[in-house]
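# Structural description and commentary
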Amino acid sequence: MDIKTMSELASFIKSAPTAFHAVEKISGILKENGFEELKERKKWVLEPGKCYYVTRNHSSIIAFKTGEELEDYSFHVTASHSDSPTFKLKENAELEIKKKYTVLNTEGYGGMICSSWFDRPLSVAGRVIVKTENGMETWLLNLDRELVMIPSLAIHMDRSVNEGHAYNKQVDTLPILAGEGKEPGVMKELAAQELGVSKESIYGMDLFLYNRMAPVVWGCENEFFSCPQLDDLQCAYASLMGFLSGCHKKNVNVYACFDNEEVGSGTKQGAGSTFLFDTLWRINKALGKDEEDFYRAAAGSFLLSCDNAHAVHPNYKEKTDTANCVYMNEGIVVKSHAGQKYTSDALSIAVFREICERAEVPVQFFANRSDEAGGSTLGNIAMSQVSMNAVDIGLPQLAMHSAYETSGVKDTGYLIKAASMFYGIHINMLGDGSFRIEE
């Protein structure tokens, strides 16, 4: 087991209870490694051989390294996502119950496993818009303590609970905040106290519940790793580490981490937005290239869409395809779908297999059962804005969309090695269904 990698992954996830915090953490890592921040509202002046990053909405980020020989360049891109299923606080967040309880008025964000959120310590984090002397500013908030809990109904009051239960998010999943009736606005008051500002200076809040349970390595041989938000912060972290370590003179290497994948990506900062296209287009222009250069570069570019995959569940083996099924600790997963929910095809799979062979990383293949509808992910959504060859990959895990998910301890390291190799070579797409890899 790579103890250092697991420790660093755990630290990364613990510091990222929301997409806003994830992007803040990624930004900090990039700054430590010499990346210069750009603003979408300002003119970009770029130099070959330099490193930059830009954010949108404080919850999506794109970083890039410009090669030094860009006469016939292409983009090498990884994409992951910063968000995870959770519960979002409504604007009027407090509900008083008979003056004996105060619960939080929440709504579901993404497709979570509701039962996994019960009977465990939770807290609240997100962003707050604060009025200051300089105008309105975005501040991050993390009420970093055991603050709320969603208690189960006792089995004595619901004898059929173990026979299946349909959860009503307006009734069943509201967390208890206090053991007395609190006045409306107590969440804003807690936020103000934490930030050291007045309650009246807070003009907006995007706040979410998050699971406080610590990451843990477990199993007979310490082979498993469990924590909140593995989907998709595990891929976000691993692809970032590979991005930092790999470079090639003929590439513009790009790291993208988008928000709102769990709700369809159709936002200004999601994979379905213009964020990736805008960034690539501006890179091309700021490097002195013209429109023809951009379309030539895009045609020769490659995307790794990195989002976790379903490992075989030992109690539900029948839920996965007999042959195209994957296991934790046995390598990176390539995902395929005839209906194109995943971008992988013969050409892109061949490219990725070659990359993994060079990195000495094992590869597995996943497809849904033909009689089961599967999920979709970033790749095909992002490619609706800017087209390039792409493959959908991920790391195998159990309990996807639970408040506490499980993966294998070896797999994060596999993706770091593969991503580093991907960024360290140049894929020469020859345009006739063939390619050549240049070191």
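These lines cover the structure that appears in this document, whether it is placed above or below.

## Some thoughts on the overall build of the protein chain
Within the protein chain, the regular secondary structure consists of 9 helices and 22 strands. Taken along its principal axes, the extent of the C-alpha atoms in the protein chain is 70 × 60 × 40 Å. When burial is assessed residue by residue, the protein chain has 53% of its 439 residues classed as buried. Of all intrachain contacts in the protein chain linking residues separated by at least 6 positions in sequence, the fraction that spans at least 24 positions is 77%. Of the accessible surface of the protein chain, which amounts to about 19,700 Å², a share of 48% is contributed by carbon and sulfur atoms. Once the 43 positive and 59 negative side-chain charges of the protein chain are each reduced to a mean point, those two points are 4 Å apart.

## Remarks on the pattern of salt bridges
A side chain with one charge can pair with a side chain of the opposite charge if their charged atoms come near. Scanning the model with the defined rule gives 17 salt bridges in all. Here Arg-212 ties to Glu-146 by a salt bridge, and the two come within 3.3 Å at their closest N and O atoms. A residue pair is termed long-range when its members are at least 10 positions apart, and Arg-212 in the loop between strand 10 (202-211) and strand 11 (216-218) and Glu-146 in the loop between strand 8 (135-142) and strand 9 (176-178) qualify at 66 residues. Classification of Glu-146 as exposed rests on a relative accessible area of 51%. Here the salt bridges do not stand alone but share partners, grouping Glu-40, Arg-56 and Asp-278 into one network.

## Quick notes on the environment of Ala-338
Mapped onto the secondary structure, Ala-338 falls in the loop between strand 16 (332-335) and helix 7 (346-359). Overall, Ala-338 belongs to the exposed group, its relative accessible area being 84%. A sequence separation of 30 residues divides Ala-338 from Asn-368, and the C-alpha atoms of the two residues are 9.8 Å apart.

## So, helix 6 (residues 291-299)
Residues of helix 6 that are buried include every one of Phe-294, Ala-297 and Ala-298, and no others. Axial view of helix 6: buried residues confined to an arc of 95°, hence all on one face. Exposed positions of helix 6 whose direction lies more than 90 degrees from the buried face are Glu-292 and Ala-299. Looking at where helix 6 begins, the residue whose side-chain oxygen comes 3.2 Å from the main-chain nitrogen of Glu-292 is Asp-290.

## A word on the pairing of strand 4 (residues 74-81)
Of all 8 residues in strand 4, 8 are buried, a share of seventy percent or more. Where strand 4 and strand 13 (residues 251-258) come together, 8 bridges link them in parallel fashion. What sits directly across from Ser-74, in strand 13, is Asn-251. Examined bridge by bridge, strand 4 and strand 14 (residues 302-306) share 4 bridges and lie parallel to one another. Residue pairing in the sheet places Thr-78 in a bridge with Leu-304 of strand 14.

## Some words on the packing of helix 1 (residues 3-14) against helix 4 (residues 230-245)
Working note: a packed helix pair is described by the angle between its axes plus the distance between those axes. For the pair helix 1 and helix 4, the least separation of the axes is 10 Å and the interaxial angle reads 120°. Here helix 4 runs oblique to helix 1, going by the angle between their axes. Both helix 1 and helix 4 take part in a crossing whose hand is right-handed. On helix 4, the residues touching Thr-5, Glu-8, Leu-9, Phe-12 and Ile-13 of helix 1 are Leu-230, Leu-233, Gln-234 and Tyr-237. Of the residues in the contact of helix 1 with helix 4, the class split is 6 nonpolar, 2 polar and 1 charged.

## Points about the packing of helix 7 against helix 9 (residues 411-424)
Between helix 7 and helix 9, whose axes approach to 9 Å, the crossing angle comes to 110°. In terms of orientation, helix 7 and helix 9 fall into the roughly perpendicular class. In this structure, the crossing between helix 7 and helix 9 has a hand that is right-handed. Each of Ile-355, Cys-356, Arg-358 and Ala-359 in helix 7 lies in contact with helix 9, whose residues at this interface are Lys-417, Ala-418, Met-421 and Phe-422. Considered class by class, the residues forming the contact of helix 7 with helix 9 number 6 nonpolar, no polar and 2 charged.

## Description of the sheet that holds strand 12 (residues 224-227)
Strand order in the open sheet formed by 5 strands is 11-12-20-19-15, and the pairing between neighbours is mixed. The open sheet has two edge strands, strand 11 and strand 15 (309-310), and neither has a second partner.

## Overview of unusual backbone geometry
The amide bond that connects Asp-231 to the next residue, Asp-232, takes the cis arrangement and shows omega of 20°. With a phi angle near 65°, Gln-340 is a residue other than glycine that sits in the positive phi range. Structurally, Gln-340 is set in the loop between strand 16 and helix 7. For Gln-340, a relative accessible area of 44% corresponds to the partly exposed category.

Reading the values: rules and limits
Residues numbered from 1 in each chain as written. Predicted model: local features only at pLDDT ≥ 70, side-chain atom pairs only at ≥ 80, totals over all residues. Heavy atoms only, no water. Helix = DSSP H or I, 4+ residues; strand = E, 2+ residues; numbered from the N terminus. Buried < 20%, exposed > 50% of the residue type's maximum accessible area, 1.4 Å probe, protein only. Contact = heavy atoms within 4.5 Å. Areas by Shrake-Rupley, 256 points an atom, 1.4 Å probe, with all protein chains shown as cover. Lys, Arg positive; Asp, Glu negative; His and termini not counted. Charge placed at Lys NZ, Arg CZ, Asp CG, Glu CD. Salt bridge = Lys/Arg side-chain N within 4 Å of Asp/Glu carboxyl O. Arc of directions from axis to C-beta. Polar contact = N/O pair within 3.5 Å; in protein donor to acceptor, adjacent residues only side chain to side chain. Pairing = 2+ DSSP bridges. Axes fitted to C-alpha atoms, helices over the stretch in contact; angles between N-to-C directions. Parallel < 35°, antiparallel > 145°, perpendicular 65-115°, else oblique. Left-handed = near helix turned anticlockwise from the far one by under 90°. Nonpolar A, V, L, I, M, F, W, Y, C, P; charged D, E, K, R; others polar.

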